[in-house]
Amino acid sequence: MTQSTCRTAVAVAAAGLSMALLGSTASAQDTPAWCGPNEASLALLDGFGGNSWRIVTAEAGRQEAELCPSITEYLYADGQGDTQKAISDINSMAARGIDALVVFGDAGPAVLPALTNAYRAGAIVIPYRVVVGGEAGRNYTRYVAASFVENGVLWGEWIVEQFPDGANILFLSGPAGNSQGLEELEGMMQVLDDSYVFLNPEPFAVTNWDPALTQQVLSAAIAQHEDIDVIVSDFGPSLVGALPVFENFDRSIPALATSDGNSLGCFWQENRANNSDFDLMTVETGTDNVRLAVQWAIAEATGGTPPESDVFTSGVFENSITDQPNAVQCEPDLPGAIYLSSAVPAQVQADAVGN
Amino acid sequence: MAQTDTQFETRGPRQAIHQIPLAKGFVTIVGSTVALIVLCLIFAPSAVSTGALVGSLPFAAVLAIVGLGQMLVVQQGGFDLSVPGGVSLAVVIATHMPSGNDADLLGAVLFAFGCAIAAGVINGLLVGVYRLNAIIATIGMNALLFGGVFAISRGVPRTTTDLLAEIAGGRTFGINHSVFIALAILVLVSFVMKKTVVGRRFEAIGANPLAAQAVGLRVKLYQMMAYVFAQLHYCVAGILIAGITREPTAFQGNSLLLPSVAVVVLAGTSLLGGRGFPISVVIAAFFLNQLSQFALAVGVPFSAQTIIQALALVVGIGIYSINWTTLTTKLANRNPKEE
């Protein structure tokens, strides 16, 4: 090794060392408070992972876990909509000795016994977004909720702003009796008085969040009611296929209060000019709910400082009238099935959903 | 196109139109549909308004096509539970492969038909040749097809192409294209079934496979082809759904399984195999669709809507499965003894 080569090698090594030191200093500074010093493994368990919302959510969960260097292993399991598999996944993760489980309990109380067993076996268990029954401290560590009531309040307030003298509202939600729809209605009822009339059967028109069924339900509703002022839906993208039905009746698409989605934003931009009443307000669709659940799980498992709240609240995302906090967003070159309100960058979402 | 009760009659003395006996299923389903329309006119006129029909008829057309496919299988004494997988696979192929590009649509459609034929051949081999139970074989195929759905789409919906939206979702003379397509398929199925040697043999084999075997008909081949043509029907239905709904989910076929059986039963097809009634199946699809629209327009809760549809199925089975003449006679004979 010549002298000059040796010097170069020392210089490179020194540069590398300083970079590493800088990096570690930076990562120490960036380590969030909820990330404690104890090493732990973490698993995200989805009851059903087969749609874009869940894929983006899983990506958000993974990104959040990456922020904590104490997490030594991150696993993901998809229950594929099968309750038995979801239960089996929970049992399996507990048996493997995974320290913290974040669970989207689609099957509701059906997964509670498995969660309880995992909790009693010593795992940190954080169910989120879907009520699974039981209680924190006995069946699981903590439940991280989504404030669907708050979504209802936000929609209600926007409706009051647009229609101060009352309005006819059509409220569409998912499967019959789903708790999300019921909570959203509760939120709207806190804001809306008797001058606001719900045209749908109580508590909401059932659509199963299926675009085909939504189209049929909407056709029947439009034929029946000549004066729909505003449609409220808790899954905006499922309306994209159904809203053109208004054209069949030679009527403008009415005002719409819903949750965001790229396909919906692009649909609005394409159709606003021909539909004079088509104002749009969206709340964030909540793919970042999982981040709060992951923070809680990591804080409990690694000895970090838990977040202040255990309730995830969505804010307003788009408002076509005020453009506050955002004008209606559309990324025409990216897939429709991504969510621009998500903290996961749009291109990363596009890659994740495989488009 | 009235159905006659004489099963395999191809020649005979000419009958005046009023002498042709109508099939029980045809009379029942037409009577029920007319009664339903009258009910709609009285209690829920909005359900039969032009706009509502334009909105709902495409789905009736899809159900009619799926029902015609299921009918072919039921005619051979089987059941095809791979409807959801077959339809969903066609939906995701027709939306994901072109990815909004009209130029790639034809290739995607051809690929969808190829997959449908492959699925149908496997179903047919398992059931027709290797004599597996139809329910077991087709439920396995359904899982396999959903594997394909996930492999192609990962469960993520994709916006349909403009061309497909125009072909399947557009209108000519105010009538949805999907309705024309369903009617064309109806004419084709009816013609082949009732007016060709192949069709008559198909029905004969369904009615009595042993007798058909004895006279030298290729029973296994016909039974296999029932599954192949059924899958082709599901494929067409899936492609239509992909055009009718702008952004269909990857599981769009799930809601079609029960209705597909319901329309076949309501049309009077024997679950033991035999004759098929294509026109009645299509009318039954319209009937079920209109029943949903009626329930929605009247504003009954979702639970009641589901019960109404289930009752329609039970009544349908009751009408055809119970021998009402014998039952009434028995009851009439028993009453005097009790007195």
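Residues numbered from 1 in each chain as written. Chains lettered and ligands numbered in written order. Predicted model: local features only at pLDDT ≥ 70, side-chain atom pairs only at ≥ 80, totals over all residues.

Looking only at helices and strands, one finds 14 helices and two strands in chain B. Against the 2.2 N^0.38 benchmark of 20 Å for 339 residues, chain B shows a C-alpha radius of gyration of 21 Å, consistent with a compact globule. Across its three principal axes, chain B shows a C-alpha extent of roughly 70 × 55 × 45 Å. Within chain B, the proportion of its 339 residues that are buried is 51%. (Helix = DSSP H or I, 4+ residues; strand = E, 2+ residues; numbered from the N terminus. Rg over C-alpha atoms; globule rule 2.2 N^0.38 Å. Buried ≥ 20, exposed ≤ 12 C-beta atoms within 10 Å, placed from the backbone.)

Here the focus is the interface of chain A and chain B. The interface is formed by 32 residues belonging to chain A together with 32 residues belonging to chain B. Only α2 (52–66), α7 (211–224) and α8 (245–248) of chain A provide two or more residues apiece to the side of chain A that touches chain B. In terms of residues, the side of chain A that touches chain B owes the most to one element, α7(A), which gives 11 residues. Of the residues assigned to the side of chain A that touches chain B, the class counts are 18 nonpolar, 13 polar and one charged. (Contact = placed C-beta atoms within 7 Å. Nonpolar A, V, L, I, M, F, W, Y, C, P; charged D, E, K, R; others polar.)

Time to look at the sheet that holds strand β1 (residues 40–46) of chain A. All names here are of chain A. Pairing is parallel in the open sheet, where four strands are placed in the order β2-β1-β3-β4. The sheet is open, and its two edges are formed by β2 (71–78) and β4 (124–127), each paired on a single side. Strand-to-strand twist of the sheet, defined as the mean angle between neighbouring strand axes without regard to direction, takes the value 15°. As defined by bridge partners, β1 adjoins strand β3 (residues 100–104) across five bridges and the pair is classed as parallel. Of the residues in β3, the one forming a bridge with Leu-44 is Val-102. Along the sheet, α2 contacts β1, β2 and β3; its crossing angle with β1, the most-contacted strand, is approximately 170°. (Pairing = 2+ DSSP bridges. Axes fitted to C-alpha atoms, helices over the stretch in contact; angles between N-to-C directions.)

The next thing to look at is unusual backbone geometry. All names here are of chain A. In the segment running from Glu-202 into Pro-203, the intervening peptide bond is cis, with an omega of -10°. Looking at where Pro-203 falls in the secondary structure, it is placed in the loop between β7 (196–198) and β8 (205–206). Not every positive phi belongs to a glycine, and Asp-323 is a case in point at roughly 60°. Turning to its location among the elements, Asp-323 is positioned in the loop between β13 (316–319) and α11 (346–352). We classify Asp-323 as exposed; it has 10 C-beta atoms within 10 Å.

Residue and element names in this part refer to chain A. Of all seven residues that make up β1, six are buried, and the element is covered over most of its length. With seven bridges joining them, β1 and β2 adopt parallel strand pairing. Opposite Ser-41, over in β2, you have Glu-73 as the bridge partner. Note on the crossover from β1 through α2 to β2: the handedness is right-handed. (Right-handed = clockwise from strand over helix to strand, strands pointing away.)

It is worth spelling out the confidence of the model for chain B at this point. As a note on interpretation, predicted positions should not be read in detail where pLDDT is low. Residue and element names in this part refer to chain B. Confidence in the prediction of chain B, expressed as mean pLDDT, is 86, and 92% of residues score 70 or more. Long-range and interchain partners of residues 1–12, a stretch whose pLDDT sits below 50, account for 17 contacts in this model, where long-range means more than four residues apart. Per the prediction output, this complex has pTM 0.80; the corresponding ipTM is 0.78. (pLDDT = per-residue confidence, 0-100.)

Let us look at the domain arrangement of chain A. Residues and elements named next belong to chain A. For chain A, the domain assignment lists domain 1 (40–146 + 287–314) and domain 2 (148–283). For domain 1 versus domain 2, the separation of C-alpha centres amounts to 31 Å. Contact with domain 1, which involves four residues of that partner, is made by five residues of domain 2. Of the residues assigned to the side of domain 1 that touches domain 2, the class counts are two nonpolar, two polar and no charged. (Domains from an automatic or database assignment.)

This part is about the environment of Val264(B). Residues and elements named next belong to chain B. Mapped onto the fold, Val-264 is located in helix α11 (residues 257–266). Overall, Val-264 belongs to the buried group, with 31 C-beta atoms counted inside 10 Å. Each C-alpha atom, one on Val-264 and one on Leu-68, is 7.7 Å from the other, the two residues being 196 residues apart in sequence. Sequence-distant contacts of Val-264, defined by excluding residues within four places in its chain, comprise Gly-67, Gln-70, Met-71, Val-74, Thr-269 and Val-281.

With that settled, the discussion passes to the environment of Leu75(A). Residue and element names in this part refer to chain A. As for its position among the elements, Leu-75 is in strand β2. For Leu-75, a count of 16 C-beta atoms within 10 Å gives the class partly exposed. Spatially, the C-alpha atom of Leu-75 lies 8.4 Å from that of Leu-45, the residues being 30 residues apart in sequence. Apart from residues no more than four positions distant in its own chain, Leu-75 is found in contact with Ala-43, Met-93 and Ile-98.

Structurally, Val38(B) is set in helix α1 (residues 24–43). Classification of Val38(B) by C-beta neighbours within 10 Å gives exposed; the count is 11.

Residues and elements named next belong to chain A. On average, residues of chain A score 88 in pLDDT, and 91% of them reach the 70 mark or higher. Contacts of residues 1–6 to residues separated by more than four positions or lying in other chains number one contact, the stretch itself having pLDDT below 50. Low pLDDT, under 50, characterises residues 8–27; the stretch is placed with one contact to residues that sit more than four places away or in other chains.

Attention shifts here to α11(B). Because the α-helix completes a turn every 3.6 residues, residues three or four places apart line up on one side. Residue and element names in this part refer to chain B. Where burial is concerned, most of α11 is hidden: nine out of the 10 residues are buried. Of the residues making up α11, those classed as buried are Leu-257, Pro-259, Ser-260, Val-261, Ala-262, Val-263, Val-264, Val-265 and Leu-266. Immediately downstream of α11, the backbone of Gly-268 shows phi near 90°, a positive value.

Attention shifts here to the nonpolar core. The nonpolar side chains of a soluble globular protein tend to be buried with one another. If you look at the biggest cluster of nonpolar residues, it comprises 216 residues, and the most contacted ones within it are Ile90(A), Leu101(A), Val102(A), Ile126(A) and Ile298(A). The greatest single-element share of this core, amounting to 18 residues, is contributed by helix α10 (residues 219–244) of chain B. Here this core spans two domains, since at least three of its residues come from each of domain 1 (40–146 + 287–314) and domain 2 (148–283) of chain A. When neighbours within four sequence positions are excluded, Ile126(A) is seen to be in contact with Leu101(A), Val102(A), Val103(A), Tyr140(A), Thr141(A), Arg142(A), Val144(A), Ala293(A), Trp296(A) and Ala297(A). (Core = buried A, V, L, I, M, F, W, Y, C linked by C-beta atoms within 7 Å.)

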